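Survey of secondary and tertiary structure
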Amino acid sequence: MRLSLIALFTYILANNCMAESFTLTSPNFKTDQPMSKEQEFNGFGCSGGNHSPALAWSGIPDGTKSLALTVYDPDAPTGSGWWHWLVFNIPADTKSLIANINADGKGLPTGAIQSRTDFGEAGFGGACPPQGDKPHHYQFTLYALKTNKLELTADAMPAMVGYMLNTNSLGKATLVTTYQR
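Keep in mind the model is a prediction, meaning the values are calculated, not measured. As a convention, each chain's residues are numbered from 1 in the sequence order in which they are written. Reporting in this predicted model follows two pLDDT cut-offs: at least 70 for local features of residues, and 80 or more for side-chain atom pairs to be given and counted; totals over whole chains, interfaces and linings ignore these cut-offs and use all residues. For the side-chain quantities, the full set of heavy atoms in the structure was used; hydrogens and water were omitted.

Attention now moves to the confidence of the model for the protein. pLDDT runs from 0 to 100 and stands for how confident the predictor is about each residue. For the protein, the average pLDDT comes to 91, and 90% of its residues sit at 70 or higher. In this model, residues 7-18 is a region of pLDDT below 50 whose contacts with residues beyond four sequence positions or in other chains number five contacts. The contact definition used throughout considers only heavy atoms, calling two residues in contact when any of these lie within 4.5 Å.

If you want it as structure tokens, here you go:
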């Protein structure tokens, strides 16, 4: 059956085929561009500001009941990468996170939880690649979840958070930035 252009356009609109794509952005850096010293960790030989960046998103999938954010460095010389930030139970109507959210969660939306990172504590842990190493890639990933909340606490290990995110994911948006010392 041959559809006219008008019929095809009507079908696309009726079936939401032109839905806004799920995107994650930051005013602090652009995709594949370096983060600033403000996002560098302060410790482990690094001397940055350890400030989380501001983040914003749009186009969350239909049916999203909560959101979660992870920051992961696959280039860390550990054999398993490095988890820099895990935040979950972000209300679905949230559209952004402010910059410089501290370890006790001040600045997070009500109900959101930060859990343990590979630095051993909850909260944002900035970039800290080895001195002279090639640029590392930092994957900021926002997950749209089909559950109102994850039954996890701030003591949850990154692997458990990752498991729960992947089990409950409706979709995700990723922003990759770099850092080198």
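It is possible for side chains bearing opposite charge to pair when their charged atoms get close. Salt bridge, as used here: a side-chain nitrogen of Lys or Arg that lies within 4 Å of a carboxyl oxygen of Asp or Glu. The final tally for this structure, using the stated rule, is three salt bridges. A salt bridge links Arg 116 to Asp 155, with the shortest nitrogen-to-oxygen separation between them at 3.3 Å. In this pair, Arg 116 is assigned in the loop between strand S8 (113-114) and strand S9 (136-145) and Asp 155 in the loop between S9 and helix H2 (158-168), connecting sequence segments 39 residues apart. The exposure class assigned to Asp 155 is exposed, which follows from its relative accessible area of 53%. Only DSSP runs of H or I with at least four residues qualify as helices, and only runs of E with at least two residues qualify as strands; both kinds are numbered from the N terminus onward. A simple rule labels every residue: compare its accessible area, found with a 1.4 Å probe on the protein chains alone, to the largest value its type can have, and call it buried under 20%, exposed over 50%, or partly exposed in between.

A word on the side chain of Thr 178. Looking at where Thr 178 falls in the secondary structure, it is placed in strand S10 (residues 169-179). A relative accessible area of 12% means that Thr 178 is categorised as buried. What Thr 178 contacts, discounting residues up to four positions off in sequence, is Asp 32, Gln 33, Pro 34, Met 35, Pro 135, His 136, His 137 and Tyr 138.

Backbone-to-backbone hydrogen bonds pair the strands of a sheet. The strands run either parallel or antiparallel. What makes two strands pair is DSSP finding at least two bridges between them. Pairing is antiparallel in the open sheet, where five strands are placed in the order S8-S6-S5-S9-S10. Each edge of the sheet is formed by a strand with only one pairing partner; in this case those strands are S8 and S10. Direction of pairing for strand S5 (residues 66-73) relative to S9: antiparallel, over a ladder of seven bridges. Looking at the pairing, Ser 66 lines up with Leu 145 of S9.

The subject of this paragraph is the sheet that holds strand S7 (residues 96-97). Within the open sheet, the three strands sit side by side as S1-S4-S7. Their pairing is antiparallel. Each having just a single partner strand, strand S1 (23-25) and S7 make up the two edges of the open sheet.

We now examine the packing of aromatic side chains. The rule is short: rings of Phe, Tyr and Trp, with Trp giving its six-membered ring, pair when the centres are within 6.5 Å, and they are stacked under 30 degrees, edge-to-face over 60, tilted in between. Summed over all chains, the structure comprises eight aromatic pairs. Measuring from centroid to centroid gives 5.2 Å for Trp 82 and Phe 119, while their planes differ by 70°, and the two rings are edge-to-face. Remark: Phe 119 occurs in the loop between S8 and S9 and Trp 82 occurs in strand S6 (residues 82-91); sequence separation between them is 37 residues. Summarising the burial analysis for this pair, Trp 82 and Phe 119 share the class buried.

On the surface, Met 157, Met 160 and Tyr 163 cluster together into a nonpolar patch covering about 340 Å² of accessible area. As for its placement among the helices and strands, Met 160 is situated in helix H2. Here a patch means residues that are over 30% exposed by relative accessible area and free of salt bridges, tied together within 9 Å if like-charged and within 5 Å if nonpolar (Val, Leu, Ile, Met, Phe, Trp, Tyr). Only the protein chains shown count as cover for residues, and the accessible areas themselves come from Shrake-Rupley with a 1.4 Å probe.

Next up on the list: the pairing of S6. The element S6 is extensively covered by neighbouring structure, given that eight of its ten residues are classed as buried. With seven bridges connecting them, S5 and S6 associate as antiparallel partners. Directly across from Leu 67, in S6, lies its bridge partner Ile 90. One ladder, built from two bridges, connects S6 with S8; its direction is antiparallel.

Okay, unusual backbone geometry next. Positive phi, close to 60°, is recorded for Asp 32, a residue that is not glycine. For Asp 32, the position within the fold is in the loop between S1 and strand S2 (42-43). Phi at Asn 50 is positive, roughly 55°, even though this residue is not glycine. Within the secondary structure layout, Asn 50 lies in the loop between strand S3 (46-47) and strand S4 (55-58).

Among the buried residues, those of types Ala, Val, Leu, Ile, Met, Phe, Trp, Tyr and Cys that are joined through side-chain atoms within 4.5 Å form a nonpolar core. Counting 25 residues, the largest nonpolar core has Leu 24, Leu 55, Leu 69, Trp 85 and Phe 140 as the members making the most contacts within it. Secondary structure elements with two or more residues in this core: S4, S5, S6, S9 and S10. Each residue touching Leu 24, except ones within four places of it in the same chain, is listed here: Leu 55, Ala 56, Trp 57, Leu 69, Phe 140, Thr 141, Leu 142, Ala 173 and Leu 175. Core analysis: the next-biggest nonpolar cluster, separate from the first, contains ten residues, Ala 68, Leu 86, Leu 145 and Leu 165 among them.

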